[in-house]
Amino acid sequence: MSKSKDKNIFIDGEINTKTKTSNNKHIRSKDVYREIAQIVVELGDSAEVKNSRLEAIYKRLNQIYSDGNRHSYSIISASIKEKARVEGNVFLDKLEENTETFYQVVEKNSIKNPRNLMSFNKLYDHIKLECNRMSYISEVKDELAKQQKELADQQKIVGEDVKQALDDTKTLYANMISIISVFVAIFALITVNANISFKLTTYNMNEVFWGIIVVNIFVMLCIIALLLAVRLLIINKLTGK
């Protein structure tokens, strides 16, 4: 004797038909779910589905629903999502348009056979819901991508403005240092000449004149050396030249 998991006792070699039937029914249900999902995807495969094909689809779905089967929203959703991932919004637009046409066929046939109209209504709602949901997600993604691009462009512009401001600041510092250096040189030249004139007033004017020239040449050379040093050591580093 053997004992099944559902506590039903049966003779060795005898099949637990209840469990087997349940498993087979589950497998068949999955197959039906996939078939319905494939039919839904087929509705969006072409820009226009012929009426003869829509009639055939209606008859097949009507048979499935008449046998007590139902569709699975999750499997339909996954199938539409996978197809839309490859073909994009073009597929969603075609599916939505062809679904509207198909529902006209459903309404026409349901006048004579209203038995499965509720199932067709749910299928229609689920397809429309999924198309709208995925279209909305696509729009949000496009808008985010657009905003991200605009933000990147703005960051680039701001970066260029900041760089320009830094360059202008360095140039301003360099110009200020240059001006200060020139004023220092002029002040030094005046001071030296004043001191020379004061010291040499007791000497011969001819000697004073040539003394001033010689000292000024030396001072000018020192000033030029100073300005060159300021240019090389400070200004060029600020301006990056």
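Residues numbered from 1 in each chain as written. Predicted model: local features only at pLDDT ≥ 70, side-chain atom pairs only at ≥ 80, totals over all residues. Heavy atoms only, no water.

**Some details on the overall build of the protein**
- When helices and strands are tallied, the protein shows 6 helices and 2 strands.
- Shown N-terminal to C-terminal, the secondary structure of the protein runs as helices and strands in the order β-β-α-α-α-α-α-α.
- For the protein, buried positions account for 27% of its 241 residues.
- For the protein, the proportion of contacts with a sequence separation of at least 24, taken over those separated by at least 6, is 72%. (Helix = DSSP H or I, 4+ residues; strand = E, 2+ residues; numbered from the N terminus. Buried < 20%, exposed > 50% of the residue type's maximum accessible area, 1.4 Å probe, protein only. Contact = heavy atoms within 4.5 Å.)

**Looking at the pattern of salt bridges**
- The tally for this structure, following the rule as stated, stands at 11 salt bridges.
- One salt bridge in this structure joins K128 and E100, with 2.9 Å as the shortest N-O distance. Here E100 lies in helix 4 (residues 89-110) and K128 lies in helix 5 (residues 117-199), a separation of 28 residues in the sequence.
- Relative accessible area serves as the criterion here: at 18%, K128 is assigned to the buried category.
- A residue is classified by how much of its surface remains accessible, and E100, at 31% relative accessible area, is partly exposed.
- Between E130 and R133 there is a salt bridge, with the nearest N and O atoms lying 2.6 Å from each other. Residue E130 and its partner R133 are both found in helix 5; the two are separated by 3 residues, about one turn of the helix.
- Classification of R133 as partly exposed rests on a relative accessible area of 36%. (Salt bridge = Lys/Arg side-chain N within 4 Å of Asp/Glu carboxyl O.)

**Digging into the side chain of N69**
- Examined against the element boundaries, N69 turns out to sit in the loop between helix 2 (51-66) and helix 3 (73-87).
- Polar side-chain contacts of N69 include one of 3.2 Å to the backbone oxygen of I64.
- Here N69 is in contact with V32 and I64, once residues within four sequence places are set aside. (Polar contact = N/O pair within 3.5 Å; in protein donor to acceptor, adjacent residues only side chain to side chain.)

**Quick word on helix 3**
- With 15 residues, helix 3 ought to run about 21 Å at 1.5 Å a step, and its terminal C-alpha atoms sit 21 Å apart, in line with that.
- Of all the residues in helix 3, the buried ones are I76, S77, I80 and A84. The arc that holds every buried residue of helix 3, seen down its axis, measures 95°, which confines them to one face. Residues S74, R85 and V86 are exposed on helix 3 and point more than 90 degrees away from its buried face.
- Two residues or fewer past helix 3, G88 is found with a positive phi of approximately 75°. (Expected span 1.5 Å × (residues − 1). Arc of directions from axis to C-beta.)

**Remarks on the packing of helix 3 against helix 4**
- Here helix 3 crosses helix 4 at 130°, and the two axes come no closer than 6 Å. Of the possible angle classes, the one that applies to helix 3 and helix 4 is oblique. Residue-level contacts link I80, K83, A84 and E87 of helix 3 to N89, V90, F91, L92, K94 and L95 of helix 4.
- Classifying every residue of the contact of helix 3 with helix 4 gives 6 nonpolar, 1 polar and 3 charged. (Axes fitted to C-alpha atoms, helices over the stretch in contact; angles between N-to-C directions. Parallel < 35°, antiparallel > 145°, perpendicular 65-115°, else oblique. Nonpolar A, V, L, I, M, F, W, Y, C, P; charged D, E, K, R; others polar.)

**Overview of the packing of aromatic side chains**
- Enumeration according to the criterion identifies 4 aromatic pairs in this entry.
- Arranged with centres 5.1 Å apart and planes meeting at 20°, the rings of Y58 and F120 form a pair that is stacked. With a gap of 62 residues between them, Y58 in helix 2 and F120 in helix 5 connect regions that are remote in the sequence. With respect to class, Y58 is no different from F120; both count as buried.
- Seen from their ring centres, Y65 and F120 are 5.3 Å apart, and the 85° between their planes marks the pair as edge-to-face. With Y65 in helix 2 and F120 in helix 5, this pair connects stretches of sequence that are 55 residues apart. Taken as a pair, Y65 and F120 share a single burial class, namely buried. (Phe/Tyr/Trp six-rings, centres within 6.5 Å; stacked < 30°, edge-to-face > 60°.)

**Describing helix 2**
- In a regular helix each residue adds 1.5 Å, so 16 residues correspond to 22 Å; helix 2 covers 22 Å between its end C-alpha atoms and thus fits that length.
- Among the residues making up helix 2, those that are buried are L54, I57, Y58, L61, N62, I64 and Y65. Down the axis of helix 2, the buried set is contained in an arc of 160°. They therefore lie on one face. Looking at helix 2, the residues exposed on the side facing more than 90 degrees away from the buried face are S52 and K59.
- Phi turns positive one or two residues past the end of helix 2, at G68, with a value near 90°.

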